[in-house]
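# Summary of the model geometry
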Amino acid sequence: MSAKTLVVYLMAMPDTPDLAAAAVDAGADVIEVGFPFSDPLADGPLIRRAGERALAAGMRTARCLEVLAQIRARVSVPLVPMTYASIFDAYGWHELERDARAAGATSLIVPDLPVDVRPELRRVQLVAPTSTDERLRLAAAATDGWLYLVTVTGTTGARAELAPTLAPLAQRARAVTGLPLYAGFGIATGAHARAAAELVDGVVVGSRAVEAAESGPRALAALVGDLRGGLDTA
Amino acid sequence: MSVTRTFGEYGGRYVPETLIPALDELESAWASLRDDEAFLAELDELRRTYAGRPTPLTRAARFAPEQRVYLKREDLMHTGAHKLNNALGQVLIATRLGKRRIIAETGAGQHGVATATVCARFGLECVVYMGSEDIRRQAPNVERMRLLGAEVRPVEFGTRTLKEATSEAIRDWIANVETTHYVIGSCVGPAPYPELVRELQRVIGREARAQILEVEGRLPETVVACVGGGSNAIGMFYDFIEDADVRLLGVEAAGAASLGAGRGGVLHGARSSLLADADGQIEDAHSISAGLDYPGVGPEHAWLRDTGRAEYVACTDDEALAAFHRLCETEGIVPALESSHALARALDCGADLVLVCLSGRGDKDLAEVLRRER
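Heads up: these notes are all about the structure in this document. (Residues numbered from 1 in each chain as written. Chains lettered and ligands numbered in written order. Predicted model: local features only at pLDDT ≥ 70, side-chain atom pairs only at ≥ 80, totals over all residues. Heavy atoms only, no water.)

### What to know about the interface of chain A and chain B
Between chain A and chain B, the contact holds 34 residues from the first and 33 residues from the second. A combined buried area of about 2,700 Å² lies between chain A and chain B, and 51% of that area is made up of carbon and sulfur atoms. Where chain A touches chain B, the interface holds five salt bridges. In this structure, B:Glu168 engages A:Arg48 in a salt bridge whose closest nitrogen and oxygen atoms are separated by 3.5 Å. At the boundary of chain A and chain B, one finds 14 residue pairs in polar contact (both at pLDDT 80 or more). Elements that contribute at least two residues to the side of chain A that touches chain B include exactly helix H2 (45-56), helix H4 (85-91) and strand S4 (126-127) of chain A. (Contact = heavy atoms within 4.5 Å. Buried area = accessible area lost by both parts, 1.4 Å probe. Salt bridge = Lys/Arg side-chain N within 4 Å of Asp/Glu carboxyl O. Polar contact = N/O pair within 3.5 Å; in protein donor to acceptor, adjacent residues only side chain to side chain. Helix = DSSP H or I, 4+ residues; strand = E, 2+ residues; numbered from the N terminus.)

Written as structure tokens, this is what we have:
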């Protein structure tokens, strides 16, 4: 069985390059970089608060791109900026895609942009337990490299248990695509990661990673090590 | 005819994938119900026997002695504002969809009260999100919602006003979409909401057009309505759009002028004209009126502005307060602070025959007015 992929989400801040390097050393395979937005509809309280702090620290789009380039200089794993439609609309859809890729982005995630809106923007598509099979097919056909399975009907944030909605979603997604499936929203521990890895090819850890990152690179590395261990024993 | 999803470059569906099937379901239900005779008859019956429609048209001769100003009296409808037109229609649709849980956001509290009212009438669970700053400003409406059996959930982050209440309602909907219908309170949000809310509010302009033709024998020169999210204005304007000689004048709060001072951006599921900075971060709105204190506006208004069919002007807090007092003292009508913005511009719009949407009554605003003037 091939190794499972661990995607770690970090909010763009001046110290994110150090954090990203620590996460990669501890076993992260992909770094998702959040560009903060004032009104993040898909995010629960932890990422929302991290976004508020980032905005208060002056992390606007141009500064986020600088941080992205600094992360690129430190690590060689894929980097995927995640931000909202309003940020693209203001910067220019094509221009932000171009500048993000120039700064080292491998792809993009836009959580308030369903597959049929702005199809020309190449990005990782998200699907949810409520997605119909037809929409799973649309998303799989359009996605950039892998498909992001939202495990729950809800916003980002750690949950006590892995959502029971992931298994049927993973099964339906497998039926329409051979692309890698990575699950996110609510995955916070090595045990969650191990359980998810029975169903999918990788996991995305956001809120819990943002929380650990607040305590510095060592705390983040400990969390990433736990998640890596969970995935590798699956 | 299909449901309108975009208005020029505005509108659309900028929401997480989780909500798309629910929006599709709502759109398809609306596409059939808007022409369904049984549904329309039930809605019409409720409007007449429960809501108190048609609302009257009142000449405000002492308020505007130099002009012929008519007020469309949405303040006289049950619950005291035009918001009930939308809540009645949407809750009726929700019952057809089999949804037993209703959520809503509210700013001034009028939409929350209207939604709580209709939920009580139909025996549905009702949760209303309201910013804690608005809870402070609009205390009587909070008590009314609780009296009607609704749960009012305070929103304690960000601006603590309508913007954050709307975001929280959308997040609740994302988490509970299979059992819940979201009764959005204005002509904002992802498609099909802007069209749906417009069509439910069109009854205002349809009645007013017939009423002013009956009393004056001609169309008004200018139609005036206040604009926060823009639902009373779109409902008032829509049946006059084909009347090219009728000037349509929307009035925004000076500190919340998303049309007058905004730029293109995406908020709460739609692209529209917003108060936002050059990076697309949404800025705070500021108004004495909680119902206008919103940095966005319905996408159809942005389109009407760009095409030139409607004009949008601003009104300061002080101008709105002056018009508020003037209507109280000259006509014996206490207007909502929101509607007072439209009244102020009706007096100086330069037209003789003017139709104003008096979108709500001002009982809810007394404490805020007294606090400001003390």
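### Description of a nonpolar patch on the surface
Residue and element names in this part refer to chain B. Together, Val334, Leu366 and Leu370 make up a nonpolar patch on the protein surface, roughly 240 Å² of accessible area in all. Note that Leu366 resides in helix H13 (residues 366-373). Looking at Leu366, the relative accessible area reads 41%, which means it is partly exposed. (Patch = residues over 30% accessible without salt bridge, like charges linked within 9 Å, V, L, I, M, F, W, Y side chains within 5 Å. Areas by Shrake-Rupley, 256 points an atom, 1.4 Å probe, with all protein chains shown as cover. Buried < 20%, exposed > 50% of the residue type's maximum accessible area, 1.4 Å probe, protein only.)

### Digging into unusual backbone geometry
Residue and element names in this part refer to chain B. Going from Arg53 to Pro54, the amide bond is cis rather than trans, its omega being 0°. Along the chain, the position of Pro54 falls in the loop between helix H2 (37-51) and strand S3 (57-59). The linkage connecting Ala191 with the following residue, Pro192, adopts the cis geometry, with an omega of 15°. As for its position among the elements, Pro192 is in the loop between strand S8 (180-182) and helix H8 (193-216). With a phi close to 75°, Thr79 is a non-glycine residue in the positive phi region. Positionally, Thr79 belongs in the loop between strand S4 (68-73) and helix H3 (83-97). Assessed through its relative accessible area of 5%, Thr79 is described here as buried. We note that His268 has phi near 50°; this positive angle belongs to a residue other than glycine.

### Some remarks on the pairing of strand S1 (residues 5-11) of chain A
All names here are of chain A. Most of S1 is tucked away, with seven of its seven residues classed as buried. Bridging between S1 and strand S7 (residues 202-205) involves four bridges; their strand directions are parallel. Pairing of Val8 across the sheet is with Val205, part of S7. Once you follow S1 into helix H1 (residues 16-25) and on to strand S2 (residues 30-34), the crossover reads as right-handed. (Pairing = 2+ DSSP bridges. Right-handed = clockwise from strand over helix to strand, strands pointing away.)

### As for the side chain of B:Glu300
One can find B:Glu300 in helix H10 (residues 299-307). Setting aside its immediate chain neighbours within four residues, B:Glu300 contacts B:Phe7, B:Arg198, B:Ile234 and B:Tyr238.

### Describing the packing of aromatic side chains
Enumeration according to the criterion identifies eight aromatic pairs over all chains in this entry. Here the aromatic rings of A:Trp146 and A:Tyr148 are separated by 5.8 Å at their centres, their planes lie at 25°, and the arrangement is stacked. Note on A:Trp146: relative accessible area 9%, which makes it buried. Seen from the ring of B:Phe157, A:Arg48 lies directly overhead, with NZ or CZ sitting 4.2 Å from the centre. Directly above the aromatic system of B:Phe63 lies the positively charged group of B:Arg326, at a separation of 5.4 Å from the ring centroid. (Phe/Tyr/Trp six-rings, centres within 6.5 Å; stacked < 30°, edge-to-face > 60°. Lys NZ or Arg CZ within 6 Å of the ring centre and 35° of its normal.)

### Some thoughts on the pairing of strand S14 (residues 353-358) of chain B
Residues and elements named next belong to chain B. The buried fraction of S14 amounts to six of the six residues, a majority that puts the element mostly inside the structure. Side-chain alternation along S14 places Leu353, Leu355 and Cys357 on one buried face and Val354, Val356 and Leu358 on a second face that is also buried. Where strand S9 (residues 222-226) and S14 come together, three bridges link them in parallel fashion. Following the sheet pairing, Val224 is matched in S14 by Val356.

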